[in-house]
Every structure is written in structure tokens, then in C-alpha cells.
Amino acid sequence: MSMLARAPRPRPQFRLRLAAKLEEIKENRVSYVFLAPYGIFFILFTVLPVIIAIGLSFTHYNMLQRPTWVAWQNYLRLFLADDVFLIAVKNTFIFAIITGPLSYLLCLFFAWMINELHPKVRAFLTLLFYAPSISGNLYLMWTILFSPDSYGYVNGFLLYWGIIDSPIQFLTDPRWMMPLVIVVVLWMSLGTSFLVFIAGLQGIDQTLYEAGAVDGVKNRIQELYYITLPSMRPQLMFGAIMSITQSFAAAGQIIPLVGFPSTDYAAHTVVAHLLDYGNIRFEMGYASAIAVVLFITMIAAQRIVQRILSRLGD
Amino acid sequence: MQIRQKRLTRSAGGDFVIFFVLFLGAAFSALPLVFAISNAFKPLNELFLFPPQFFVRNPTFDNFRDLFVLMGESWVPISRYLFNTVFITVAGTGGHVLMASMAAYVLAKHRFPGRDVFFAMVVLSLMFAYQVTAIPNYLTMSALGWLDTYAAIIVPAWSSSLGLFLMKQFMEQINDSLIEAARIDGASEFHIFWRVVMPNVKPAWLTLIILSFQSLWNETGGRFIYSEELKTLPYALNQIIQGGVARAGVGAAVGVIMMIVPIAVFVLNQSKVVQTMGAAGINK
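Just so it is clear, the model here is predicted, and its values are computed rather than measured. (Residues numbered from 1 in each chain as written. Chains lettered and ligands numbered in written order. Predicted model: local features only at pLDDT ≥ 70, side-chain atom pairs only at ≥ 80, totals over all residues.)

**Re the overall build of chain B**
Within chain B one finds 14 helices and zero strands. Taken from N to C terminus, the helices and strands of chain B fall in the order α-α-α-α-α-α-α-α-α-α-α-α-α-α. When the backbone C-alpha atoms are referred to their principal axes, chain B occupies close to 75 × 65 × 35 Å. Here chain B holds 284 residues, and 39% of them are scored as buried. Contacts in chain B between residues far apart in sequence, at least 24 positions, make up 76% of those at least 6 positions apart. (Helix = DSSP H or I, 4+ residues; strand = E, 2+ residues; numbered from the N terminus. Buried ≥ 20, exposed ≤ 12 C-beta atoms within 10 Å, placed from the backbone. Contact = placed C-beta atoms within 7 Å.)

**Overview of the overall build of chain A**
Secondary structure summary: chain A contains 16 helices and two strands in total. Against the compact-globule benchmark of 20 Å for 314 residues, chain A has a radius of gyration of 26 Å, which places it well outside the compact range. Oriented by its inertia axes, the alpha-carbon framework of chain A measures out at about 90 × 70 × 35 Å. Counting all 314 residues of chain A, 40% fall into the buried class. In chain A, 67% of the contacts between residues at least 6 apart in sequence involve partners at least 24 apart. (Rg over C-alpha atoms; globule rule 2.2 N^0.38 Å.)

**A closer look at the interface of chain A and chain B**
Between chain A and chain B, the contact holds 87 residues from the first and 82 residues from the second. Considering only residue class, the side of chain A that touches chain B consists of 59 nonpolar, 22 polar and six charged. (Nonpolar A, V, L, I, M, F, W, Y, C, P; charged D, E, K, R; others polar.)

**Topic: the nonpolar core**
By size, the foremost hydrophobic cluster in this structure holds 152 residues, and its most contacted members are Phe194(A), Ile290(A), Ala291(A), Leu294(A), Ala103(B) and Met167(B). Those residues in contact with Met167(B) that lie beyond four places of it in its chain are Ala100(B), Ser101(B), Ala104(B), Val201(B), Ala204(B) and Leu208(B). (Core = buried A, V, L, I, M, F, W, Y, C linked by C-beta atoms within 7 Å.)

**Some points on the domain arrangement of chain A**
All names here are of chain A. You can read the domains of chain A as domain 1 (3–56) and domain 2 (82–310). Taken over C-alpha atoms, the centre of domain 1 sits 39 Å from the centre of domain 2. Classifying every residue of the side of domain 1 that touches domain 2 gives four nonpolar, no polar and no charged. (Domains from an automatic or database assignment.)

**A short note on the domain arrangement of chain B**
All names here are of chain B. We note that the domain assignment places domain 1 (2–60) and domain 2 (69–277) within chain B. At the interface, seven residues of domain 1 touch six residues of domain 2. Counting residues per element, the ones that place at least two in the side of domain 1 that touches domain 2 are helix H2 (12–40) and helix H3 (44–47). Looking at which element gives the most residues to the side of domain 1 that touches domain 2, the answer is H2, with four residues.

**A word on the packing of helix H5 (residues 78–109) of chain B against helix H12 (residues 202–217) of chain B**
Each pair of packed helices can be summarised by the angle the axes make with each other and by the distance between the axes. Residue and element names in this part refer to chain B. The N-to-C vectors of H5 and H12 enclose an angle of 145 degrees; their axes lie 9 Å apart at closest approach. Judged by the twist between their axes, the crossing of H5 over H12 is right-handed. Two secondary-structure elements touch here, H5 through Thr85, Ile88, Thr89, Gly92, Thr93, His96, Val97, Ala100 and Ser101 and H12 through Trp205, Leu208, Ile209, Ser212, Phe213, Leu216 and Trp217. Of the residues belonging to the contact of H5 with H12, the class tally is nine nonpolar, seven polar and no charged. (Axes fitted to C-alpha atoms, helices over the stretch in contact; angles between N-to-C directions. Left-handed = near helix turned anticlockwise from the far one by under 90°.)

**Structural notes on helix H13 (residues 233–241) of chain B**
Residues and elements named next belong to chain B. Within the sequence span of H13, burial applies to Leu233, Ala236 and Leu237. With its buried residues spanning 95 degrees around the axis, H13 presents them on a single face. Where H13 is buried, its residues touch H5 and helix H14 (248–277). (Arc of directions from axis to C-beta.)

**Some remarks on unusual backbone geometry**
Even without glycine at this site, Ala71(A) takes up a positive phi of about 50 degrees. Looking at where Ala71(A) falls in the secondary structure, it is placed in the loop between strand S2 (68–69) and helix H4 (73–81). Positive phi outside glycine occurs at Asp148(B), with the angle close to 65 degrees. Structurally, Asp148(B) is set in the loop between helix H7 (134–144) and helix H8 (151–158). Its 14 C-beta neighbours within 10 Å are what place Asp148(B) among the partly exposed residues.

**Quick look at helix H9 (residues 174–187) of chain A**
Residues and elements named next belong to chain A. For H9, with 14 residues, the first-to-last C-alpha span of 21 Å sits near the 20 Å given by 1.5 Å per residue. Of the positions making up H9, those classed as buried are Met177, Leu180, Val181, Val184 and Val185. Taken around the axis of H9, the buried residues stretch over an arc of 135 degrees, which confines them to a single face. What points out from H9, more than 90 degrees from its buried face, is the exposed set Arg175 and Pro179. Elements in contact with the buried residues of H9: helix H5 (83–114), helix H7 (141–145) and helix H14 (251–258). (Expected span 1.5 Å × (residues − 1).)

**Thoughts on the packing of H5(A) against helix H13 (residues 233–249) of chain A**
Residues and elements named next belong to chain A. Where H5 meets H13, the closest approach of the two axes is 9 Å, and the angle between their N-to-C directions is 140 degrees. Our classification of the angle between H5 and H13 gives oblique. Of the two possible hands of crossing, H5 and H13 adopt the one that is right-handed. Contact residues: H5 offers Ala96, Thr99, Gly100, Ser103, Tyr104 and Cys107, while H13 offers Gly239, Ala240, Ser243, Ile244, Gln246, Ser247 and Phe248. In terms of residue class, the contact of H5 with H13 is built from six nonpolar, seven polar and no charged. (Parallel < 35°, antiparallel > 145°, perpendicular 65-115°, else oblique.)

**So, the confidence of the model for chain B**
Considering every residue of chain B, the mean pLDDT works out to 86; 95% of them sit at 70 or more. Segment residues 1–5 of chain B: pLDDT under 50, and four contacts once partners within four positions in sequence are set aside and those in other chains are kept. (pLDDT = per-residue confidence, 0-100.)

**Some thoughts on the environment of Phe87(B)**
Mapping Phe87(B) onto the fold places it in helix H5. A C-alpha to C-alpha distance of 24 Å links Phe87(B) and Gln270(B), two positions 183 residues apart in sequence.

**Some points on the environment of Leu82(B)**
Residue and element names in this part refer to chain B. Residue placement: leucine 82 occurs in helix H5. In this structure leucine 82 comes out as partly exposed when scored by C-beta crowding, with 14 C-beta atoms within 10 Å. In this structure, the C-alpha to C-alpha distance between leucine 82 and methionine 71, residues 11 residues apart in sequence, is 11 Å.

And the structure:
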């Protein structure tokens, strides 16, 4: 706007602004002292790694020799020459599109359903739904339930009742793998978002509901849509972020369930592909390119969902 | 219940549907937990019955006894694994709560250049999975010479972004006049932080303790720790489970032991955690 007006004497103004900024920073030095311990480690272990990953993704690097610049070669190889990566992308999308929204809705609906119960009952059910997400590697109990021989409990019951006559290879048969993994991940998905929604529902002003009833809100579905959801939009936004991140990161839990690599790569995800090249083959440049693709995909997914949620109830 | 009777918008049919769905959900959620507890108390012959029995009939402590025998046989004494896990959990959690609270205080209550950019980066970091930064972090640890030391696990835990986010959102609810009053009385910023702000955000630091505890308690050391004497309890217990199908009962006992601690910690502080989460909204 004021480019033209500023043009004749840019230097003094720039210097003045810089001096003012430095003065401001100096005045607030106590704030920086408070921020520093956390800030230094946050930058070192979260911000810098993203920048390093982007840089390394344009190199060939095996940890023994110095990285060599290869420009876009890693990305070209990923999308044009790596069939397994394309399978991983497909699986990741299927997985994220199913578990992301479903886990989000499960968190929201169970939080909503227990909201009006007696506080003691509510606390008990909160614990019951939340427990799977904090119970460490207890999810491996599912592998015993779905074990592929007659000692597997599900197979045992199905055989005993005569529904099947030979055990189903639940965790190695490509047709069964993905559905089962999705069930297990959904089982442990009522985590932080669930607690945030419970808190959000508790914080809604009760008089809004009384006013709503007077204004002609007839049933609880209308109440949910016109009063409850718009009142807890900040929590819904935050819950969405946590659910999306979780649905992409959950690949860490898939690997112990279906083995690595899974049969025909039927449950191979981008995260599994990243671990393959980063931890096993030590192709750090190539693995970094996978990490950058994952990063961009996740941020894009977050932006799209936020845009949808911000229109809620308008 | 009072609220229910006041509401005009409730139907009996709706109540029934809600209770039915809640019952199904709760049963599904509890299934593996109950199964693990039941299996942990099963004698060997009940673990391999056909047709299988879901519930234990003759409960026994055999599996727990076997677990202690197996732990006694390990090359590094089990107390060492336990010490490692407790040390990592305490040091990681303590540092995280202190550093995140200090940073959250200035992000919530001070104005200074760079504040909004920094917080935007913290929110952005909640949006991607930790796997994105795994490789550079490994290289950083290697460059710092922290591979195969406690620091590789503890120091990154200090800068967890969810904890800072929750604490900052919660601190914003504190009334500014409280801080102003202390400032007029001549209190230093550190005094204000420690004596005025921290006592008012007790639910939030309990929540940070719990979240940090949960992740560190289950830490296996993964790629960062090689030395057997620095490995953690979950690592040692996983090794025992991997003894194969004959360890099914012991495996369940391990699962139960590892699950009890975080669940107990959560139960004791549940209302505080939910209170903190209430502040965790994002306005856009």
C-alpha cells in the first residue's frame, strides 16, 4: 500500500523499525528467559527435524558417506518407480479416511451419550472407553483373540459352533487384515479427543438448552445440531487435529498386529514404508522423502478438515 | 435426575437407543481388558482348551509366579529395568511440567515479539505424526553423542507439544488482575509464576504429569538405547512375551501389570484431567 510513499528513504525507516524491535525484545527479555528451556528443545527436536528432513529428501545419504545432492530423484523414484510405495499410499488413504472420521465420531457420540448420566456412572464409563488408549501394548491381546489356529478364541468359537470348518487366517489373509486392523485401531482411539469432548459438553451453558426448547427445538438430534455442536466448536476443532494425527500415526500399532512386511503388503502404510527405508535399509535420503510426503499429506488433511468444521452450524 | 426431567426434548425411545448403544460400546471396549485379566489368572490347561473358554474357571497366580521366575533368570536384574523406567519417567515428566509451564506462562500472559509465531509452530506440530521427525532426530542424537544414553529419551520428552498447548490454554483462564496485583506489590516474574500462577493451574499440571507419564511408562527405548543395562521395563517384558505361545498366560500377566499403573494414575486424577481438557479448544 505505502510502497511508493516509502520508496524515497527506505533505510532510515528500516533502521528505526529494527531499533524499535530490538528495544522491544530487550524490554521483554524476561519472557524469553522463561520460554528458552522449552523453546530450545522444541526447536531442536521438532522444528529443526522437519527442515532437516526436507533438506535430506533431496540427497542420497546412507549414514556412512556424506550426503550427495540428487535433486528430485527420490521423489521421482517414489511416485514413478516404487510400486510398494503406491500400495502404501493407497492403504494409508483407505485407513485414514475410515479411521479418522470414524474415531472422531465415536469420540463425539460416546462423549455426548454419557454426558447426562449420573457423575459417578459417567466417570466409570469415561474410564472404560479411555482405558484402551492408555493400556500400553495390551492391544496385542487382539492377536490372541484372532490367532489363526483353533487356539485363537474367535476361530475356536466359530469352529465349535460349526460356522466354519477350517480356521480363518485373520492376521495374514489380505482380505481380513485391513478390516481387523481398523477395528483394533478404533478400539484404542477414544483418547485425548474423547476427554476434550466430554469437557466441552460439560462446559456448555445449560440455559441455552432451555432457551432452545422454548424456541422450538423438538428433539435431542436438533438440540445437538443447533445448540451443542456450535457451542463446542473450539473443542471440535482441537479434537479433529488429534484424531487426524492419530489416524496417520496408528501405523505404528499395525505392524505388531500383522507383521512386517504384511502379506502382499495388504496392510503396508506410508509409515511402515518410512520405517523400512529409515531403520532397516538406512537409505536416509529416500526415507526423508517419504517423511516429507507424509508431512505434506497430513497438513493438507488438517487444513481441509478445519475448513469444513469452521462452517459447522453456520 | 434433575436435568433430564427439566428438558422438554427427551423421548423414552431415544433414551433406550442411547443406553443400548452405550452398552454395546462399553462391552466392546472392555472385552480385551477383561480377556487379559481373565487369561492372566488361567492355569495352563485352561489357556489351550477346545472349545475355548473366555472366562477363567479355576483362577491361579501361576502366571504371575512364572513371570517372577522368568524375571529372576534374566541376565540384567529386573530391578535395573524397573529403575530405568522409573528414572526416565520421573526425569522426563518433571522436566516437561516445569519447562512447559514456564513457556506456557509467558505465551499466555506476556506480549513479546515472536510469541504468536512460536505458538503457531506448537499448534502445527500437533498436526503431524512423530514418525515425520524420526530420522532427523536419530541423526541429531547421534551428532550430540546422546545415542545409548537416558538423555535420548528424556530430553525430547521435555518439549512435548501437547503438554505446552494444554497448559497455555488453561493459563489463559487465569484472571489478569491477579498477576497485576502481584506485580504492583513488587513481585518478580519468577515469583509470580511460581507463587501466583502455578498454584492456580493445579489441574493442568496434574494433566501434564499424567500424559507424560503414560507415554514414558510405555517407552521401550526403541532405536535409541542399545545397552542391556539401560533398557526399560516394557522392553524386558516384551522380550518375555516373545517366548512364544507357551508364554500366553505370562504375556497376559505382563499386560495386566503394565496396564494397571497408568489406569490407576488416571483414575485418581480423572476430574482434573477433564477440567483441563475443557480449556483445550482452538478458535479459528
